[in-house]
Amino acid sequence: MKILVTGGLGFIGSHTVVELAKENNEVIIIDNLYNSKIDVLENLEKITGKNFKFYECDLKNKEELEKVFKENEIDSVIHFAGYKAVGESVKKPLMYYSNNLVSTMNLLEIMDKYGIKKFVFSSSATVYGNPGIVKYTEDLGRGQASSPYGTTKCIIEKMLEDLYFSDNTWNISILRYFNPVGAHESGLIGEEPNGIPNNLMPYIMKVASGKLEMLSVFGNDYPTPDGTGIRDYIHVVDLAKGHVKALEKMKEGVNYYNLGSGKGVSVLELVNTFEKVNNVKVNYKVVGRRDGDLAEYYADPSKALNELNWKTEKTLEDICRDSWNYEKNNK
Ligand code: WQD
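Starting from 1, residues in each chain are numbered consecutively following that chain's sequence as written. Side-chain atom pairs in this predicted model are given and counted only at pLDDT of 80 or more, local residue features only at pLDDT of at least 70, and totals for whole chains, interfaces and linings cover all residues. Based on all heavy atoms of the structure, the side-chain values leave hydrogens and waters out of the count.

Engineer: Describe the packing of aromatic side chains, and please don't skip the residues or the numbers.
Structural biologist: In this scheme Phe, Tyr and Trp rings, the latter by its six-membered ring, pair at centre separations within 6.5 Å, and the angle between planes marks the pair as stacked below 30 degrees, edge-to-face above 60, and tilted otherwise. Enumeration according to the criterion identifies nine aromatic pairs in this entry. Taking the centre distance of 5.2 Å and the plane angle of 0° together, the rings of Tyr-136 and Tyr-297 count as stacked. Residue Tyr-136 is located in strand β6 (residues 135-136), and its partner Tyr-297 is located in the loop between β14 (284-287) and β15 (298-299); the two are separated by 161 residues in the primary sequence. Counting as a charge over the ring demands two things of the Lys NZ or Arg CZ atom: a distance within 6 Å of the ring centre and an angle within 35 degrees of the ring normal. For Arg-289, the ring lying beneath its charged end belongs to Tyr-222, and the centroid distance is 4.1 Å. Residue placement shows Lys-303 over the ring face of Tyr-257; its charged tip is 4.9 Å from the ring centre. Each helix is a run of DSSP H or I of at least 4 residues and each strand a run of E of at least 2, with the numbering of both proceeding from the N terminus.

Engineer: So what's going on with the pairing of strand β9 (residues 215-218)? Which residues, and what values?
Structural biologist: Exposure categories follow from relative accessible area, calculated using a 1.4 Å probe and restricted to protein chains: below 20% of the type maximum is buried, above 50% is exposed, and the middle band is partly exposed. Here β9 shows one buried face, formed by Leu-215 and Val-217, and one open face, formed by Ser-216 and Phe-218. Paired strands, in this sense, are two strands between which DSSP finds at least two bridges. Sheet topology note: the β9/β14 ladder contains four bridges and is parallel. Bridge assignment links Ser-216 to a residue of β14, and that residue is Lys-285.

Engineer: I'd love a proper account of the sheet that holds strand β1 (residues 2-6), names of residues and values included.
Structural biologist: One open sheet accounts for seven strands, arranged β3-β2-β1-β4-β5-β7-β12; its pairing is parallel. Bordering the open sheet on either side are β3 (53-56) and β12 (253-259), each of which pairs with just one other strand. This sheet shows a mean twist of 20° between the axes of neighbouring strands, independent of strand direction. Whether two residues are in contact is decided by their heavy atoms, any of which lying within 4.5 Å being enough. The angle between two axes is taken between their N-to-C directions and runs from 0 to 180 degrees, where each axis is a line fitted to C-alpha atoms and a helix contributes only its stretch in contact. Packed onto the sheet, helix α6 (residues 148-166) meets β5 (118-124), β7 (171-177) and β12 and runs at close to 150° relative to β5. Each of β1, β4 (76-79), β5, β7 and β12 touches helix α8 (residues 236-248); the most contacted strand, β7, lies at about 165° to it.

Engineer: Which residues make up the site of the ligand, and what values go with them?
Structural biologist: The rule for a residue being near a molecule or strand is that one of its heavy atoms must lie within 4 Å of it. As a matter of local geometry, the ligand sits amid 19 residues, with Tyr-149, Leu-200, Ser-216, Arg-231 and Asp-293 nearest to it. Each polar contact in these results corresponds to two N or O atoms within 3.5 Å; when the atoms are within protein, one needs to be able to donate a hydrogen and the other to accept it, and residues that are neighboring in sequence are counted only if both atoms are side-chain atoms. One of the backbone N or O atoms of Phe-218 is found 2.9 Å from an oxygen atom in the ligand. One nitrogen or oxygen atom from the side chain of Asp-293 is found 2.6 Å from an oxygen atom belonging to the ligand. Each accessible area value is a Shrake-Rupley result obtained with a 1.4 Å probe; residue values ignore everything except the protein chains displayed when judging cover. Here the ligand has 690 Å² of accessible area as a free molecule, and 91% of this is covered by the chains. For the shell around the ligand, the element with the highest residue contribution is β9, accounting for four residues. Side-chain classes are defined by residue name, with Ala, Val, Leu, Ile, Met, Phe, Trp, Tyr, Cys and Pro counting as nonpolar, Asp, Glu, Lys and Arg as charged, and the others, Gly among them, as polar. Here the shell around the ligand is built from residues that sort into nine nonpolar, seven polar and three charged.

Engineer: Tell me about the pairing of β5, and name the residues and values.
Structural biologist: Counting buried residues along β5, six of its seven residues qualify, which places the element largely inside the surrounding structure. Judged from the seven bridges that link them, β5 and β7 form a sheet pairing that is parallel. Each residue of the ladder has a partner; that of Phe-121, found in β7, is Ile-174.

Engineer: Residues and numbers for the pattern of salt bridges, please.
Structural biologist: Note on definitions: salt bridges are taken to be side-chain nitrogens of Lys or Arg within 4 Å of carboxyl oxygens of Asp or Glu. Per the counting criterion, the structure on display carries 21 salt bridges. In this structure, Asp-162 engages Lys-158 in a salt bridge whose closest nitrogen and oxygen atoms are separated by 2.5 Å. Separated by four residues within a single helix, Asp-162 and Lys-158 lie in helix α6, roughly one turn from each other. Here Asp-162 falls in the partly exposed class, since its relative accessible area comes to 41%.

Spelled out as structure tokens, the structure:
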């Protein structure tokens, strides 16, 4: 199949391109390089041995975007492109709403115009808000997202439901990610956040490599076994494979899937595993809780197993080893 991947040079997008290419799909990549680097394209070619048609294009530019559809016979679209920094979205809500919503509306309108109705959307467990339970199933429905970033995901999910209601020839898979971490085993692609990382794993890596001095553990007074926050960390390669499965099993309707390991891991468990696997030290200090953080949540991934025949295969040790390997390769 010929698949358009928006945000295809980003962290999750690039790993998904690798897995799509492995299954002999023809992949076209769009990326505006806002939060990614052009050398990822060369690394994708090194990993897969394949060349990819690449368009440096901002989805907010509808004319530019339509050119991609004019020039290629696209079968389906996986949509990653969007701003995703929770903290930044709180400071710049209008930038997040206009970018993430206008980009997606342009994309869907052009897909509709060209009769392309197979769409996989990159969503997030953040759409569940604070449901008051720890193990999330898809039928929980959306709650109150804790940031403008999360709210853009909720709005786009609703937009897709309304689109399907208006035209039930659409095949839509909405994939709700838990905490994507890790890197490709080659060490050629991985997570490269701009500036000081907000998320735990990239921060651990910068401290372990000496680029940052100390990890702040945001609270150890949560009602969890060691008092620190618990999350569901999923290896980005497992996550990428989930997208391939979602395409293979694509069906009519709006179909939601949690993509997570189904296992909760605490901050200190992750720090200790990272230190043990890589024989490095991660200096940390416990500070106050971060606003908006929940104590604990993780996926119930059984629907993805039953309907997509997908589950995670990588371990926490694989996550720590592959992340560190990428960090060392990209000093
Ligand atoms: C994980 C745990 C923190 C940093 C976010 C987004 C979510 C999704 C994944 C996009 C928590 C603790 C963190 C640090 C720490 N992104 N922590 N010190 O908040 O679970 O989810 O990323 O879809 O939408 O909300 O991820 O990595 O920031 O935090 O102690 O320096 O690590 O308190 O318990 P989070 P995270």
